[in-house]
Amino acid sequence: MRVAFVGKGGSGKTTLSALFARHLARSGAPVLAIDGDINQHLAEALSPGTEPVTAPPLAAHLTELKDFLRGTNPRIASAEAMIKTTPPGRGSRLLRLLGDDEVHARHVVRAGDVPLMATGEFEESDLGVACYHSKLGAVELYLNHLVDAPGEYVVVDMTAGADAFASGLFTRFDLTFLVAEPTRKGVSVYRQYRDHAREFGIRLSVIGNKITGEDDLLFLKEEVGDDLLTHLVHSPWVRAAEQGRAQGELEQPNRHALNILREAVDARPRDWPTLHRHAVEFHLRNAHAWADKATGLDLAAQVDPEYVPGPPH
């Protein structure tokens, strides 16, 4: 199951991504965390108090990734003909979560208890000439070709704000958690996400964060309504972890909130046809908007009309 954490900058989405991924890993569940934020801090959040690991950036090896994923698909002649939205078809190489393949072998490292993959940071050569969504294309390709099973989890820390809707990546998830502080700014970002998500039938649940009392919780309930799934109270443990001195366990109310998140994810069945339909839709959008001209090809021909990926057997 694929889960995205989104929200306003500073809302705590990276912290929540890390807490949830660690919660899953410590239960024994197969889990992969992906840092898809322009500010790459997920490794540090996953292993507080230790020197953060550095995952080899997925976006830095985009050509190799494309070559591997296209496999023997006759509709994709070369890596250069493949764009971030190219969906799989017959002959494409599909990935199993944390499988024995070159993508996972090259790009996954352990951050504390959790396997981690990272998009990669902006480099000096990117400044002024590239947008971060060109790097997020590597994550979109990875998820397009991932055939994950129930009980397996991918947790992605996304870019802040409504910027996450600037690519089709937002359609690659079974459930999106929006982390909202009990403030007017936090609620305004929620409303942006809600409106965009409804347009595409994307399931969105709100996690209240940094709740200090009943007034905070009542504010979110009034502004968010039934989309509010659960909340985390202000956490001295998290603050201590961010300062490199965490000891003991996360507070019990916050551990309970993490259990609620997992229950919500597990209750959400995978809809493979819809997932693939969104992939095809955004591929055709990109082909028409810029990619046909950039490649000199008719990229609509990359869509295999008789193919829909499905669960592993």
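For the structure itself, look to the data block above.
All values reported here derive from a predicted model rather than from experimental measurement.

Student: Can you help me understand the overall build of the protein chain in this one?
Tutor: When helices and strands are counted, the protein chain shows 10 helices and eight strands. What you see for the protein chain is a C-alpha radius of gyration of 19 Å, in line with the 20 Å of a compact globule of 313 residues. Dimensions along the principal axes, computed over C-alpha positions, put the protein chain at roughly 60 × 45 × 40 Å. A total of about 14,100 Å² of accessible surface is found on the protein chain, and carbon and sulfur atoms cover 50% of it.

Student: What exactly am I supposed to notice about the sheet that holds strand β6 (residues 175–180) here?
Tutor: Within a sheet, adjacent strands bond to each other through the backbone by hydrogen bonds, running parallel or antiparallel. Pairing within the open sheet is mixed, and its eight strands lie in the order β3-β4-β2-β5-β1-β6-β7-β8. Edge positions in the open sheet fall to β3 (109–111) and β8 (228–233), since each of these has one partner strand only. Strand-to-strand twist of the sheet, defined as the mean angle between neighbouring strand axes without regard to direction, takes the value 30°. As paired elements, strand β2 (residues 31–35) and strand β4 (residues 114–118) share three bridges and run parallel to each other. Each residue of the ladder has a partner; that of Ala33, found in β4, is Leu116. Packed on one face of the sheet, helix α1 (residues 13–26) meets β1 (2–7), β2, β4, β5 (153–157), β6, β7 (204–211) and β8 and runs near 165° to β5. Sitting on the sheet, helix α7 (residues 214–224) is in contact with β6, β7 and β8, with an inclination near 160° to β7.

Student: I would appreciate a short explanation of the nonpolar core in the present structure.
Tutor: Across soluble globular proteins, nonpolar side chains show a tendency to be buried alongside one another. Among the nonpolar cores identified, the biggest contains 47 residues, and Ile34, Leu58, Tyr142, Leu143, Met158 and Tyr193 are the most heavily contacted of them. With 35 residues, the next largest nonpolar core counts Ala18, Leu46, Ile207 and Leu232 among its residues.

Student: I'm lost on the packing of aromatic side chains in this one. Help?
Tutor: Where two aromatic rings form a pair, the distance of their centres and the angle of their planes describe that pair. In the structure shown here, the tally under the stated rule is six aromatic pairs. A ring pair is formed by Phe5 and Phe20, whose centres lie 5.9 Å apart and whose planes are at 55°; its orientation type is tilted. Linking Phe5 in strand β1 with Phe20 in helix α1, this pair joins segments that are 15 residues apart in sequence. Each member of the pair Phe5 and Phe20 is classed as buried. Taking the centre distance of 5.4 Å and the plane angle of 70° together, the rings of Phe170 and Phe200 count as edge-to-face. A residue pair is termed long-range when its members are at least 10 positions apart, and Phe170 in the loop between β5 and β6 and Phe200 in helix α6 (residues 184–200) qualify at 30 residues. Comparing Phe170 with Phe200 shows no difference in burial state: the two are buried. Taking NZ or CZ as reference, Arg93 lies 4.7 Å from the ring centre of Phe68, over its face.

Student: What is the right way to read the side chain of Thr86 from this model?
Tutor: Relative to the assigned elements, Thr86 resides in the loop between α3 (62–70) and α4 (102–107). A polar side-chain atom of Thr86 sits 3.0 Å from the main-chain amide nitrogen of Ile83. Polar side-chain contacts of Thr86 include one of 3.0 Å to the side chain of Gln302. The residues contacting Thr86, other than those within four sequence positions of it, are Ile76, Leu141, Asn144, His145, His283 and Gln302.

Student: How should I be thinking about α3 in this particular structure?
Tutor: At 3.6 residues per turn, the α-helix brings residues three or four places apart onto the same side. Taken as a whole, α3 has its buried residues at Leu65, Lys66, Phe68, Leu69 and Arg70. The positive-phi residue at the C-terminal boundary of α3 is Gly71, with phi of around 55°.

Student: Is there a simple way to explain the environment of Asp298 in this structure?
Tutor: Positionally, Asp298 belongs in the segment after α10 (272–295). Since its relative accessible area comes to 51%, Asp298 is described here as exposed. Separated by 121 residues in the primary sequence, Asp298 and Phe177 have C-alpha atoms spaced 36 Å apart.

Rules behind the numbers
- Residues numbered from 1 in each chain as written.
- Predicted model: local features only at pLDDT ≥ 70, side-chain atom pairs only at ≥ 80, totals over all residues.
- Heavy atoms only, no water.
- Helix = DSSP H or I, 4+ residues; strand = E, 2+ residues; numbered from the N terminus.
- Rg over C-alpha atoms; globule rule 2.2 N^0.38 Å.
- Areas by Shrake-Rupley, 256 points an atom, 1.4 Å probe, with all protein chains shown as cover.
- Pairing = 2+ DSSP bridges.
- Axes fitted to C-alpha atoms, helices over the stretch in contact; angles between N-to-C directions.
- Contact = heavy atoms within 4.5 Å.
- Core = buried A, V, L, I, M, F, W, Y, C linked by side-chain atoms within 4.5 Å.
- Buried < 20%, exposed > 50% of the residue type's maximum accessible area, 1.4 Å probe, protein only.
- Phe/Tyr/Trp six-rings, centres within 6.5 Å; stacked < 30°, edge-to-face > 60°.
- Lys NZ or Arg CZ within 6 Å of the ring centre and 35° of its normal.
- Polar contact = N/O pair within 3.5 Å; in protein donor to acceptor, adjacent residues only side chain to side chain.

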